[in-house]
Amino acid sequence: MRKKKLFPTVWLVLIYAFLYLPIVLLAFYSFTDASMIGQVRGFSLKNYRTLFTTPDLQSMIIGTLVLALVVGVLSTVLGTFGAIGAFYSKKKGRTIIEAMNQVPVVNADVVTGFSVCILLVVVFGVDKDTYIPLVAGQMALCTPFVYLQVMPALTQMDHRIYEAALDLYCTPAQAVFKVLLRQLAPAIGSGFFTAVTLSMDDYFVTTYTKPAVFDTISTYTVNATKGAQTEVKTALWALSAIIFFIAVAVVVAANVRGKEENP
């Protein structure tokens, strides 16, 4: 019996080690003055100083955050109201919308990026320097995931509240904004953070649709591995560590809050 219980535990530890050990190792080396992984040297914060004092890195980080927030907001609005519209549609219409929503999810990102680029830049003649193709491409990537976050919450929601609001002389628009969206707030928030994360992480869609002078964290990191200075490369270790620590803090805070609300 002990062996049967021990094997799942060991297997789980190995899986988590495979997932998180490389990130922990990268975070460790970000606090050293090593120029490459494997060189154990003294403690140093030079990578973090380089990260926050290099103009190119500062511009890249700020641009990535602004883009992620814009795409997150637009994708959340579109995905949320798309899910509400699909949920209250007839069965045939809902089935069609759900099938169309699955296409960007299972489709390769490179196909999505290339398709958006051809449609907007080649067919409609939109200038890439306007950032419209970039925002549109990332919205095409992120919106379906917001939809998938909101739809289960709609299914589980008590719809008598919405109907009661209509009975109490709320207009449909008032019932949606004052009742429905408040009930869906946790799912909408989850969808927003998912969209922000996908925007920051995306490489292929961004590569095909971004202006030539603009870089996000993903595109800058890939280009940096091809010939950037060693100081810039190691500064990206610090950036990776910061992103990891922020993600851990957000997950921990969300779990703590969830336990407080549902003791």
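Residues numbered from 1 in each chain as written. Predicted model: local features only at pLDDT ≥ 70, side-chain atom pairs only at ≥ 80, totals over all residues. Heavy atoms only, no water.

Engineer: Sorry if this is basic, but what is going on with the overall build of the protein chain here?
Structural biologist: In terms of regular secondary structure, the protein chain is built from 12 helices and zero strands. Along its sequence from the N terminus, the protein chain presents helices and strands in the succession α-α-α-α-α-α-α-α-α-α-α-α. Dimensions of the protein chain, computed from the C-alpha atoms along their principal axes, are close to 70 × 65 × 35 Å. At a minimum sequence separation of 6, the contacts of the protein chain that also span at least 24 residues come to 70%. (Helix = DSSP H or I, 4+ residues; strand = E, 2+ residues; numbered from the N terminus. Contact = heavy atoms within 4.5 Å.)

Engineer: Explain the pattern of salt bridges to me, please; I cannot follow it from the model alone.
Structural biologist: Opposite charge on two side chains permits pairing when their charged atoms draw close. Across all of its chains, the model carries three salt bridges by this definition. Between arginine 94 and glutamate 98 there is a salt bridge, with its nearest N and O atoms 3.2 Å apart. A residue pair is termed a helical-turn pair when its members lie 3 or 4 positions apart in one helix, as arginine 94 and glutamate 98 do in helix α4 (residues 91-106) at four residues. The class for arginine 94 is partly exposed, based on a relative accessible area of 25%. (Salt bridge = Lys/Arg side-chain N within 4 Å of Asp/Glu carboxyl O. Buried < 20%, exposed > 50% of the residue type's maximum accessible area, 1.4 Å probe, protein only.)

Engineer: Sorry, what's going on with the packing of aromatic side chains here?
Structural biologist: The description of two aromatic rings rests on the distance between their centres and on the angle between their planes. One pass over the full model with this rule turns up 14 aromatic pairs. An angle of 5 degrees between the planes, with centres 6.4 Å apart, marks the rings of phenylalanine 31 and phenylalanine 43 as stacked. On the criterion of sequence distance, the pair formed by phenylalanine 31 in the loop between α1 (2-30) and α2 (46-53) and phenylalanine 43 in the loop between α1 and α2 is long-range, its members being 12 residues apart. On the numbers, 5.2 Å between centres and 85 degrees between planes, the contact of phenylalanine 87 with tyrosine 88 is edge-to-face. (Phe/Tyr/Trp six-rings, centres within 6.5 Å; stacked < 30°, edge-to-face > 60°.)

Engineer: Looking at this model, I keep getting lost on unusual backbone geometry. Mind explaining?
Structural biologist: Working note: non-glycine residues mostly have negative phi, and peptide bonds are mostly trans. For tyrosine 131, which is not a glycine, the phi torsion comes out positive at approximately 70 degrees. If you trace the backbone, tyrosine 131 turns up in the loop between α5 (109-123) and α6 (132-156). Classification of tyrosine 131 by relative accessible area gives partly exposed; the value is 35%.

Engineer: Help me understand the state of the cysteines, please; the structure alone is not making it clear to me.
Structural biologist: Cysteine pairs can be linked by a disulfide, which is a covalent bond between their two sulfur atoms. If you walk through the whole model with that rule in mind, you get zero disulfides. Between cysteine 142, a cysteine without a disulfide, and cysteine 117, which holds the nearest cysteine sulfur, the sulfur-to-sulfur distance is 17 Å. When its relative accessible area of 0% is taken as the criterion, cysteine 142 is described as buried. (Disulfide = S-S within 2.5 Å.)

Engineer: Looking at this structure, how should I read α5?
Structural biologist: Note on helix geometry: an α-helix contains 3.6 residues per turn, so any two residues three or four positions apart are oriented the same way. With 15 residues, α5 extends 20 Å from end C-alpha to end C-alpha; this agrees with the ideal 21 Å at 1.5 Å per step. Taken together, the buried residues of α5 touch α6 and α10 (204-209). Remark: glycine 125 follows α5 within two positions and exhibits a positive phi of approximately 70 degrees. (Expected span 1.5 Å × (residues − 1).)

Engineer: Before we go on, may I ask you to explain the packing of helix α3 (residues 55-87) against helix α9 (residues 185-201) in this structure?
Structural biologist: How two helices pack is summed up by the angle between their axes together with the distance between the axes. For the pair α3 and α9, interaxial distance at closest approach is 8 Å and the crossing angle is 140 degrees. Relative to α9, the element α3 is oriented oblique. For the element pair α3 and α9, the recorded crossing hand is right-handed. Contacts from Thr64, Leu65, Leu67, Ala68, Leu69, Val71, Gly72, Val73, Ser75, Thr76 and Thr80 in α3 reach Ile188, Gly191, Phe192, Ala195, Val196, Ser199 and Met200 in α9. (Axes fitted to C-alpha atoms, helices over the stretch in contact; angles between N-to-C directions. Parallel < 35°, antiparallel > 145°, perpendicular 65-115°, else oblique. Left-handed = near helix turned anticlockwise from the far one by under 90°.)

Engineer: Help me out: how do you make sense of the nonpolar core in this one?
Structural biologist: Looking at soluble globular proteins, one finds that nonpolar side chains tend to be buried together. Formed by 27 residues in total, the largest nonpolar core has its most connected members in Val150, Met151, Leu154, Leu180 and Leu184. Residue assignment for this core shows that the elements contributing at least two residues are α3, α6, α7 (160-167), α8 (172-183) and α9. The biggest single contributor to this core is α6, with nine residues. Core analysis: the second largest hydrophobic core is formed by 15 residues, Leu51, Ala235, Leu236 and Ala241 among them. (Core = buried A, V, L, I, M, F, W, Y, C linked by side-chain atoms within 4.5 Å.)

Engineer: Please explain the side chain of threonine 32 as it appears in this structure.
Structural biologist: Relative to the helices and strands, threonine 32 resides in the loop between α1 and α2. Within the local environment of threonine 32, its side chain forms a polar contact with the backbone nitrogen of alanine 34, the two atoms lying 3.3 Å apart. Not counting the four nearest positions on each side in its chain, threonine 32 is found in contact with Arg41, Gly42, Phe43, Ser44, Lys46 and Asn47. (Polar contact = N/O pair within 3.5 Å; in protein donor to acceptor, adjacent residues only side chain to side chain.)

Engineer: How should the environment of valine 122 be read in this particular structure?
Structural biologist: Within the fold, valine 122 resides in helix α5. Valine 122 gets classed as exposed once you look at its relative accessible area, which sits at 62%. Between the C-alpha atoms of valine 122 and glycine 191, which are 69 residues apart in sequence, the distance is 31 Å.

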